[in-house]
Amino acid sequence: MPEIRVKICGLRTPADVAAAAAAGAAYAGFVFFPKSPRHLTLEAARDAALAAPPGLAKVALTVDADDAALDAIVEAVPIDMLQLHGHETPDRVAEVRARYGLPVMKAIGVADEGDLAAIFDYSTVADQLLIDAKPPRNAALPGGNGLSFDWRLVAQRRWLRPWMLAGGLTPENVAEAIRLTNARQVDVSSGVESAPGVKDASRMAAFVRAAVSAGGGGLPGGIPDLRAARR
Ligand SMILES: O=C(O)c1ccccc1N[C@@H]1O[C@H](COP(=O)(O)O)[C@@H](O)[C@H]1O
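Just so we're clear, the structure is a prediction, and the values are computed from it rather than from any experiment.

On to the overall build of the protein, then. Along the protein, the regular secondary structure elements total seven helices and ten strands. Against the 2.2 N^0.38 benchmark of 17 Å for 231 residues, the protein shows a C-alpha radius of gyration of 16 Å, consistent with a compact globule. Seen through its C-alpha atoms, the protein measures out along the principal axes to roughly 40 × 35 × 35 Å. When the 231 residues of the protein are sorted by exposure, 46% land in the buried category. Considering only contacts within the protein whose residues lie at least 6 apart along the sequence, 60% involve residues at least 24 apart.

As structure tokens, then:
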């Protein structure tokens, strides 16, 4: 059975990154969205990213960022992948991918069957897809709300590109989410925190253990092939 890859998002310090790496995460996510309790300055993000050992892919999460904001992130922080978590259109995803020469993961919010069409639209332009719970209308954040969606909507589905399951995952429910959906990659943020924006090393370790054990294939070795889906 293929290995399970875990992304831990919203890391804010070198110690967070070291704990995520020790837990066995494959991806470390840094949030560049000022309204989020996980937001980082460029300097803090650079310090945190530099603590990542080889094999831990560093992902910059942005929300409807313009070129100037993305330029600043890419110049200041050693990033391996961009995660677009706003209302970026497929054309904008293609533009960002071409401009930076970095793999791009597009987040898509799902609440019901009608949201699944967007996954196909983005699968022709993004390197990876992040399938997350659609935020409620009045939510302050477009993600990182600790909300799940009905996993049966994506159970056993296959898309054109590699995908990650996200939204309300925790050490307690990730095994069930993997069993139901057969996701090979999972992403967590608030579910491994002791308070908003404060990562908990023991919860990170418990999350990776539960995910790997549910996936039945152990942890991957080496750097994730972020461009595997590039055409
Ligand atoms: O984590 C944040 O603060 C955040 C802010 C803005 C957009 C996305 C954000 N996080 C992403 O949301 C999902 C799910 O998070 P959670 O596990 O439900 O808390 C995850 O992909 C994060 O990458």
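This part takes up the UniProt feature "domain: N-(5'phosphoribosyl) anthranilate isomerase (PRAI)" (unreviewed entry) in the protein. In this structure's numbering, the residues bearing the UniProt feature "domain: N-(5'phosphoribosyl) anthranilate isomerase (PRAI)" (unreviewed entry) are residues 6-209. Here residues 6-209 runs as 31% helix and 22% strand, with 10 Å between its end C-alpha atoms.

Among all positions of helix H1 (residues 14-23), only Asp16, Val17, Ala19, Ala20, Ala21 and Ala23 are buried. Once H1 ends, the next one or two residues include Gly24, with phi positive near 110 degrees.

On to the environment of Ala94, then. By the element assignment, Ala94 lies in helix H4 (residues 90-100). What makes Ala94 partly exposed here is the crowd of 16 C-beta atoms within 10 Å. The spatial distance from the C-alpha of Ala94 to the C-alpha of Gly109 is 19 Å, given a sequence separation of 15 residues.

Our focus in this paragraph is the confidence of the model for the protein. Looking at the protein as a whole, its pLDDT mean stands at 93, while 93% of the residues score no less than 70. Interface confidence for the predicted complex, given as ipTM, is 0.97, next to a pTM of 0.93.

What follows covers the nonpolar core. Counting residues in hydrophobic clusters, the biggest one holds 72 residues, and the most contacted among them are Ala25, Phe30, Ile131 and Val186. Element by element, the count of residues in this core is highest for helix H7 (residues 201-215), at six residues. Apart from residues no more than four positions distant in its own chain, Phe30 is found in contact with Leu11, Leu40, Ala45, Ala48, Ala49, Lys58, Val59, Ala60 and Leu61.

Our next topic: the pairing of strand E1 (residues 5-8). Every second residue of E1 is oriented toward a common face, with Arg5 and Lys7 on one face and Val6 and Ile8 on the other, all of them buried. Here four bridges tie E1 to strand E8 (residues 185-188), and the two strands are oriented parallel to one another. Following the sheet pairing, Ile8 is matched in E8 by Val188. Relative to strand E2 (residues 27-32), E1 runs parallel, the two being bridged by two bridges. Residue pairing in the sheet places Lys7 in a bridge with Tyr27 of E2.

Attention now moves to the packing of helix H6 (residues 174-181) against H7. Helix-helix packing is characterised by the crossing angle of the two axes and by the distance between the axes. It is at 8 Å that the axes of H6 and H7 come closest, and there the two elements cross at 30 degrees. Between H6 and H7, the angle falls in the class roughly parallel. Seen from above, H6 lies across H7 with right-handed handedness. Side by side, H6 and H7 meet where Val174, Ala175, Ile178 and Arg179 of the first sit next to Phe207, Ala210, Ala211, Ser213, Ala214 and Gly215 of the second.

Now for the site of the ligand. Taken together, 28 residues lie near the ligand, and Cys9, Ser36, Gly143, Gly144 and Ser190 sit nearest. At the level of secondary structure, the elements contributing two or more residues to the shell around the ligand comprise E2, strand E6 (128-133) and E8. Classifying every residue of the shell around the ligand gives twelve nonpolar, 13 polar and three charged.

Calculation notes
- Residues numbered from 1 in each chain as written.
- Predicted model: local features only at pLDDT ≥ 70, side-chain atom pairs only at ≥ 80, totals over all residues.
- Helix = DSSP H or I, 4+ residues; strand = E, 2+ residues; numbered from the N terminus.
- Rg over C-alpha atoms; globule rule 2.2 N^0.38 Å.
- Buried ≥ 20, exposed ≤ 12 C-beta atoms within 10 Å, placed from the backbone.
- Contact = placed C-beta atoms within 7 Å.
- UniProt positions renumbered as here; feature names shortened; annotations may be inferred.
- pLDDT = per-residue confidence, 0-100.
- Core = buried A, V, L, I, M, F, W, Y, C linked by C-beta atoms within 7 Å.
- Pairing = 2+ DSSP bridges.
- Axes fitted to C-alpha atoms, helices over the stretch in contact; angles between N-to-C directions.
- Parallel < 35°, antiparallel > 145°, perpendicular 65-115°, else oblique.
- Left-handed = near helix turned anticlockwise from the far one by under 90°.
- Near = placed C-beta within 6 Å.
- Nonpolar A, V, L, I, M, F, W, Y, C, P; charged D, E, K, R; others polar.

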